Structure formats: C-alpha cells, structure tokens
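Read off the chains here:
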Amino acid sequence: MVKGANVGLAALSEDVDSVIVSLSWSSPTGEGDADVSVLLLTADGKVRSDGDFYFYNNPVAADGSVQLLGKAPTADGNEDRITFDLTAIPADAERIVVAASRYEGARFSDLHDLCLTLADGSGESLLRFSIESPGEVGALLFGEFYRRGGDWKFRAIGQGYESGLAGLAADFGVDIDDEAEADTEAAEEQGQEGQAAAPDVQAEPLAAIPAQPVGERPVSPVAPVPPAPPVSPEPPVAKAAPRPRTAKKKVTLPKVAKKSLAENDAWRVARLFPASALKSDRERETRATSVLLSVMTQVPEFGRRLTAAFGAPSGRMETFTEVTLPNGDSPRRPDGVIRVERAGKLWTALVETKTNGNSLKSDQVQAYSDIATRRGYEAVITLSNDVELDGSPLVEVKTDGRRKHKVALWHLSWAEVAHQAQMLIRHEGVGNAAHAWLLQELLHYLQHENSGCHGFQNMGPAWVPVRNGIDDETLCQGDSRAVDVVESWERLVRQVCLRLGGELGQKVLPVQRAKRGSDPRTRRAALADQLCADGRLEAELRIEGTPGILALCADLRTGKLRTSIEIAAPEQGYPLTWTKRLVRQLADAPADLHVEALLAGQVSGPRGTLERLRPEPADLLPKDGTPITGFRLSLFRGMGNTRGNAESGFIRSVDESVDRFHAHVVVHLDRRTSSSRTREAVPAG
C-alpha cells in the first residue's frame with residue numbers, strides 16, 4: 001500500500017473477524033527500538049475514556065478486542081504484533097488507530113525499514129505498508145481501521161508526532177499523568193526519610209493530684225450534658241480514576257535469593273515439579289508437557305507470551321494432556337491440547353512433544369495436522385530441543401489444498417520456553433509473587449539434568465565426518481554433510497542468543513550478512529562451501545547496549561575457538577590516551593586477552609596480550625604514525641571435540657567461550673563507544 005490508500009478487509013480475505021497487525025523496523029546498530037500503542041476512537045476522533053488507550057502499561061483489553069503481544073527479535077531489529085478481535089470492538093468505537101513511539105529523545109529517523117503488515121485470522125498476509133521517510137518525530141501513526149457501511153476498512157497513514165507518545169495520546173483525548181509517578185516516588189522517599197529521622201516521642205506523665213480525705217471531698221451536682229448539635233453528613237468525595245502513565249513500570253522478583261534455612265548443602269529444596277525420578281523418554285515427554293501446559297494456564301502472562309505468536313486470541317485458556325482423538329481405525333493421542341475461549345469462539349491447538357535427542361516424526365505430525373483439519377482446529381504446535389530455521393522445516397507436512405480450513409504448523413524449542421520464562425520473572429515482571437514462583441519452578445524443572453528439556457544438544461551425525469574431512473583435506477565443496485553442520489551451527493548460535501538474552505534481559509540477535517529476502521538455503525550452501533575451503537564456522541552476535549558486535553569463530557583445523565569484539569577509536573583525544581584508557585577499563589579482564597590496534601585502510605596494527613600491555617600501553621601505537629581507527633579484543637580457547645554437550649563437547653565449549661568473553665571483557669567496555677568505524681582517524685603520535 002501507499003500512504004493515504006485504503007482497502008476493505010472483506011475484499012482481502014473471508015477470515016477477518018480476527019486480524020494480526022505487525023509493526024517492524026531495523027536499526028544500523030541493532031539497538032533502536034520503539035513501542036506500539038492502540039487507541040479506540042469515537043466518531044469525534046476522541047477516546048471514550050482513558051481505558052481505550054492500549055500500550056505497554058495497559059496491553060490487553062478486558063473484552064479481548066485488543067491485545068499487544070510484545071516484541072519478537074528479527075535479524076536486524078524488532079517486530080511488535082497486535083491482535084484485534086473486530087467482532088468485539090465496542091459499537092461506539094468508529095476508528096482504531098495503530099501507532100508506535102520512541103523514548104528518551106530518540107527519533108524515528110534513526111530507524112530503517114519501517115513497515116506495517118496485516119494478516120487474517122489464519123496468519124495469511126493480506127497487505128504491507130512501508131514508511132520511507134518518517135522524519136524527526138518521536139511518535140508515528142502507522143495506520144487505522146475504520147467502519148464503513150457495516151464493514152471494516154484499513155487506511156495507511158504514516159503521519160508523525162514530534163511530541164512523542166504522551167503528546168499523541170493527549171491529542172486523542174487521553175489524560176496523561178506522567179508527573180504523578182515521580183511525585184509518588186518522591187513522597188515515598190521523603191516519608192521513609194522522615195520516619196527514620198523522627199525521634200521517639202513518649203507521652204509525658206500527668207501531674208500528680210493531691211489526695212483528699214473522703215469526708216472532705218466536695219460533692220458537685222452532676223449537670224446535664226447538653227445534646228450535641230446535629231452534624232450534617234458530608235457528601236462522599238468520589239475518588240478520581242487513575243490516569244494513564246506512559247512511564248514504563250517493571251515488577252520483578254528480588255535478584256538476590258534469601259538465605260537458605262538448610263543445615264547443609266545436602267538438603268534439597270522441595271520442588272513442585274520433581275524430575276529426578278523420571279526413567280524413560282516417554283515419562284519425560286509426558287511430565288514436560290503437563291508441567292508446561294499447567295504453568296501456561298496458571299500464569300496468564302506466560303501463556304499469552306507463548307501462544308500469541310501462534311495467532312491465539314486473548315481469553316480463558318485451558319490445557320489438556322493425553323487426549324484421545326478418533327482417526328479411522330487407530331485413534332491418536334497427542335501429548336497435549338490447548339484451548340482458548342473468547343466471545344464464545346474456541347481456538348484449539350494440538351501439541352506434540354519430544355525431549356532429549358528425540359526428533360519429531362513426520363508421520364505423527366502429519367496425522368495430527370489431518371485430525372486438526374477435519375475437526376476444525378487452528379494449529380499444531382511441536383515442541384522439541386531442535387531449533388527451527390528459516391527455509392529448513394523440522395518436519396515435512398502435506399496440506400490438502402482442496403480444503404477450505406487451513407491448519408497452521410508452529411514449532412517451539414525448549415530453549416525458547418526457558419528464555420520467555422526468564423525474561424518475565426527476571427526482567428520484564430509478572431503480575432504477582434505466585435506467578436513468579438511458578439515460573440521459577442518451571443525453569444528449575446527445565447534446567448534439571450534429568451528433564452530432557454535442555455535445548456539443542458547435538459551437532460548431528462555429520463559433525464565427526466566433516467571434522468575428519470577438514471583435518472585430512474578430503475572434504476569437497478558441495479558435500480551435503482557440510483550443509484548439515486552449517487545448519488547445526490546456526491541452531492547453536494540461535495540458542496546461545498536465547499540463553500544469553502534471557503540472562504541479561506537484553507536483545508541478543510544473530511547478525512545475518514545476507515541480503516534481505518535472499519533464499520536461506522542458498523545462503524547456507526555458500527557457507528558450507530566456505531567451510532570446506534577454510535575450515536571455519538563463523539557467527540556474529542549483536543548484544544543490546546554493547547559498543548560492538550561479538551564475533552565467534554570455530555576453527556576446525558586448529559581446534560581453537562575465538563571470541564572477539566571490535567570497538568571504534570574515540571572521536572577526540574590522542575592515541576596514547578586511548579590505549580591507556582582501554583587498558584584501565586580492562587583491569588579485571590583475563591591476562592591472556594589479545595588486544596590489537598586497527599589501522600586506517602582495514603589494516604591490522606600492533607598487538608599483544610593484556611598482560612604485556614598493562615605496563616606498556618604505548619606498545620599498541622604504530623611506529624610509523626599510521627592513524628588508528630579502533631581496537632580488536634580477542635580471547636582464545638580449545639574447542640570441544642565431541643558433537644554433544646558433555647564436558648568435552650563442542651557445544652559446551654562454545655557456551656563457555658561466549659559467557660567468559662562477555663562476563664570478563666564486554667561488560668567492562670564503555671557502552672557510549674560507538675561500534676561504527678567510519679569516523680575520521682587520528683594519527684598516532
């Protein structure tokens with residue numbers, strides 16, 4: 001669509017009672033972000049009340065008509081999704097405005113690839129609207145739905161607001177109260193300080209009354225007490241409804257655990273979901289499915305987080321296990337069923353679960369897909385330790401094009417389940433302590449060594465032959481086993497991003513250097529040929545808030561893992577000052593950290609270990625005065641040999657390398673340093 005264009009939804013699809021809107025953007029640094037918001041407007045262009053303003057502090061409508069699903073990372077940025085049940089939109093709401101806003105003075109001109117996409121209830125894409133030049137604005141109207149002749153239409157807007165989210169909301173009649181939160185916090189602090197500083201006040205004793213002999217006490221007549229004048233009751237003061245606050249709020253559990261009451265470490269804490277007694281894969285699959293589905297039901301934030309990405313509506317959720325469904329002469333029993341009810345309609349998904357190294361079976365998933373199609377269910381969700389890649393489905397399922405009803409096939413890895421639970425209880429917050437405790441118990445179960453839900457744990461059968469072929473130089477380009485190793489490497493990198501992102505509470509995304517829209521299979525084939533030629537597996541991770549991109553290289557010829565980061569030279573100052581400052585920042589970094597000066601023209605300069613450079617930072621300066629453009633910091637370690645996740649395994653060595661480099665190097669770097677290397681170089685002298 002183009003700016004200002006409009007279209008009727010009924011002309012695009014028959015399934016538009018419920019629609020999904022996705023807003024996406026990218027950033028050169030990978031750190032740019034925005035937040036979506038929705039306003040329901042009457043015919044006069046104003047909200048009926050402040051409750052018609054949906055944003056991060058009010059993400060879900062009570063009637064399920066609007067639900068903000070949250071952010072999902074993409075290769076270059078973020079995607080925010082919103083579901084609308086257009087049949088539940090109040091009758092006096094004539095327009096639905098979809099917007100996004102930035103914060104802390106950021107502008108939309110810093111973001112690229114601004115785009116809105118609209119999909120119907122089955123997930124099929126209906127339209128796309130790109131905004132090319134948003135301008136120096138803090139808020140942006142992407143588009144709106146509006147009623148016309150009993151039907152809904154969509155209009156592409158692309159209009160900016162300089163005043164940000166608060167100004168946008170105020171223009172549509174929302175009464176914003178951002179000052180109240182700061183005033184409340186200040187009052188609480190003052191109250192606490194006043195209470196601590198106030199001296200102890202004790203009641204002074206009454207003066208003693210001289211005793212009188214009983215016979216000498218005068219007896220006074222008791223005077224009648226005049227009746228009190230009637231008091232007219234004051235009318236009750238109506239309590240004003242709280243006004244929306246655009247200031248973000250976060251409720252998380254304390255990060256420091258309470259001191260245990262156990263006498264010694266041998267005492268084990270009682271757990272809601274024990275895993276030690278599990279003996280077979282079947283028991284693990286049954287227990288894992290039941291544990292996950294029950295927590296999804298009891299913790300609505302978590303259940304919505306997982307199912308919203310699959311097109312599930314917001315509503316009352318119930319989950320079931322070991323359900324028997326008719327299938328000709330041989331009934332089928334999927335591991336689980338998820339049902340969500342909203343406005344009298346049911347959304348149903350069948351769940352197939354695998355644990356440990358067990359792979360999904362195409363015939364099983366195909367049977368569940370056929371059953372779901374016949375029974376009118378909406379989705380089949382597969383759960384396993386595998387990580388699904390774009391263009392490389394874990395199972396092949398055939399669909400009958402003659403059937404009008406379509407069933408969506410979705411995959412969820414156990415690593416992603418753990419990531420979402422970590423993000424909620426450790427960083428983004430949940431509704432109450434009971435929900436947080438349930439998620440903690442779920443995390444403990446998933447991380448237990450006997451649960452079988454540890455995520456991607458095996459590089460596959462091609463790993464050893466490919467390593468041997470690289471060692472003896474017999475691996476040829478075009479070998480399909482090299483493609484299998486490249487796919488396993490990509491799965492491992494994605495899992496590393498999920499795990500690290502959950503621990504940090506920040507976006508950690510794999511960087512893809514391929515052109516947008518390119519065929520992923522073609523890209524992996526090219527990487528496999530490169531692996532055959534130079535024997536290296538390479539990846540890049542963009543971690544929010546860091547001054548550069550973390551590079552990871554596994555050299556199968558030398559058996560070494562290298563983690564590194566490049567940081568740009570400061571804009572001002574002298575090279576010797578830069579090197580001294582860098583060495584001071586790395587005071588707690590490992591002594592074997594390699595530091596290398598990057599020179600103009602993409603040339604490597606002087607280098608040395610941190611142990612040698614600490615007494616002599618000037619050794620990093622080139623002798624001929626060549627301009628320095630930045631520095632590269634690298635750590636090396638031996639690579640695990642086996643394909644699994646044992647102590648000597650390759651996967652374990654990659655996890656430990658990334659963790660060590662981030663914890664001991666990256667966190668010490670100045671985050672204000674830009675990762676760009678396009679600045680003007682300053683001669684070393």
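Residues numbered from 1 in each chain as written. Predicted model: local features only at pLDDT ≥ 70, side-chain atom pairs only at ≥ 80, totals over all residues. Heavy atoms only, no water.

(A) Representation of the overall build of the protein chain within the structure. On a plain count of helices and strands, the protein chain comes out with 13 helices and 23 strands. Taking all 685 residues of the protein chain together, the buried fraction comes to 46%. Sequence separation of 24 or more characterises 70% of the internal contacts of the protein chain that already satisfy a separation of 6 or more. A total accessible area of about 35,600 Å² is found for the protein chain, and carbon and sulfur atoms account for 51% of it. (Helix = DSSP H or I, 4+ residues; strand = E, 2+ residues; numbered from the N terminus. Buried < 20%, exposed > 50% of the residue type's maximum accessible area, 1.4 Å probe, protein only. Contact = heavy atoms within 4.5 Å. Areas by Shrake-Rupley, 256 points an atom, 1.4 Å probe, with all protein chains shown as cover.)

(B) Highlighting the nonpolar core. Counting residues in each nonpolar core, the largest one holds 58 residues, and the members touching the most others are Trp489, Leu593 and Phe650. No other element matches helix α9 (residues 480–504), which puts 9 residues into this core. Apart from the residues lying within four places of it in its own chain, the contact partners of phenylalanine 650 are Met459, Trp463, Trp489, Leu492, Ala554, Leu561, Met639, Gly640, Asn641, Thr642 and Gly644. Counting 39 residues, the second largest nonpolar core, distinct from the first, contains Ala312, Met317, Tyr445 and Cys453. (Core = buried A, V, L, I, M, F, W, Y, C linked by side-chain atoms within 4.5 Å.)

(C) Here's a closer look at the environment of alanine 587. Among the secondary structure elements, alanine 587 is positioned in the loop between α11 (575–585) and β21 (594–599). According to the relative accessible area criterion, alanine 587 is partly exposed, its value standing at 49%. On a C-alpha basis, the gap between alanine 587 and leucine 610 in space is 9.0 Å, while along the polypeptide they are 23 residues apart.

(D) Layout of the packing of helix α6 (residues 414–428) against α9. Interhelical geometry of α6 versus α9 gives an angle of 15° and a closest axis separation of 8 Å. On the basis of their axis angle, the class for α6 and α9 is roughly parallel. As α6 packs across α9, the resulting crossing turns out to be left-handed. Together, Ala415, Glu416, His419, Gln422, Met423 and His427 of α6 and Gln495, Leu498, Arg499, Gly501, Gly502, Glu503 and Leu504 of α9 make up the contact between the two elements. (Axes fitted to C-alpha atoms, helices over the stretch in contact; angles between N-to-C directions. Parallel < 35°, antiparallel > 145°, perpendicular 65-115°, else oblique. Left-handed = near helix turned anticlockwise from the far one by under 90°.)

(E) A look at the side chain of serine 657. With respect to the helices and strands, serine 657 occurs in helix α13 (residues 650–664). When near neighbours in sequence (up to four residues on either side) are disregarded, serine 657 contacts Leu561, Thr563 and Arg637.

(F) Main features of helix α10 (residues 520–534). In this model α10 runs 21 Å from its N-terminal to its C-terminal C-alpha over 15 residues, within 8% of the 21 Å that 1.5 Å per residue would give. When we look at burial in α10, the residues that qualify are Pro520, Arg523, Arg524, Ala528, Leu531, Cys532 and Asp534. In this structure, the buried residues of α10 make contact with α8 (463–471), α9 and β18 (536–543). Once α10 ends, the next one or two residues include glycine 535, with phi positive near 75°. (Expected span 1.5 Å × (residues − 1).)

(G) View of the side chain of aspartate 655. Take aspartate 655: it is sitting in helix α13. Aside from chain neighbours lying at most four places away, what touches aspartate 655 is Val496 and Arg499.

(H) Quick peek at the environment of tryptophan 410. Here tryptophan 410 lies in strand β16 (residues 408–413). Placed 31 residues apart in sequence, tryptophan 410 and alanine 379 show a C-alpha to C-alpha distance of 7.3 Å. Not counting residues up to four positions away in its chain, the partners in contact with tryptophan 410 are Ala309, Phe310, Ala379, Val380, Ile381 and Thr382.

(I) Highlighting the sheet that holds strand β22 (residues 603–609). Pairing is antiparallel across the open sheet formed by 7 strands, whose spatial order is β17-β18-β19-β20-β23-β21-β22. Of all strands in the sheet, those bounded by a partner on one side alone are β17 (508–510) and β22. Averaged over all neighbouring strand pairs, the angle between strand axes comes to 25°, with direction disregarded. Relative to strand β19 (residues 550–555), β18 runs antiparallel, the two being bridged by 6 bridges. Note that in β19 the partner of arginine 536 across the bridge is aspartate 555. Strands in contact with α11 are β20 (560–568), β21 and β23 (628–638); relative to β23, the strand with the most contacts, it is inclined by about 30°. (Pairing = 2+ DSSP bridges.)

(J) Structural view of the packing of aromatic side chains. According to the stated counting rule, one finds 7 aromatic pairs in the structure shown. With a centroid separation of 5.2 Å and an interplanar angle of 65°, the aromatic rings of phenylalanine 55 and tyrosine 56 are classed as edge-to-face. By way of ring pairs, the aromatic residues Phe53, Phe55 and Tyr56 are connected into one cluster. A cation sits over an aromatic face here: arginine 155 above tyrosine 146, 4.1 Å from the ring centre. (Phe/Tyr/Trp six-rings, centres within 6.5 Å; stacked < 30°, edge-to-face > 60°. Lys NZ or Arg CZ within 6 Å of the ring centre and 35° of its normal.)

(K) Representation of the sheet that holds strand β4 (residues 53–54). Ordered by their spatial adjacency, 6 strands build an open sheet running β1-β11-β10-β7-β3-β4, and the pairing between neighbours is antiparallel. With partners counted over all chains shown, the strands left at the sheet margins are β1 (6–8) and β4, one partner each. Examined bridge by bridge, strand β3 (residues 35–41) and β4 share 2 bridges and lie antiparallel to one another. Pairing of valine 38 across the sheet is with tyrosine 54, part of β4.

(L) Spotlight on the pairing of strand β7 (residues 95–101). Of all the 7 residues making up β7, 6 are buried; the element is thus mostly covered by neighbouring parts of the structure. Note: β3 against β7, 7 bridges, orientation antiparallel. Paired with valine 38 across the bridge in β7 is valine 98. Pairing geometry for β7 and strand β10 (residues 139–148), over 7 bridges, is antiparallel. What sits directly across from serine 101, in β10, is alanine 139.

These values are about where atoms sit, not about what they do.
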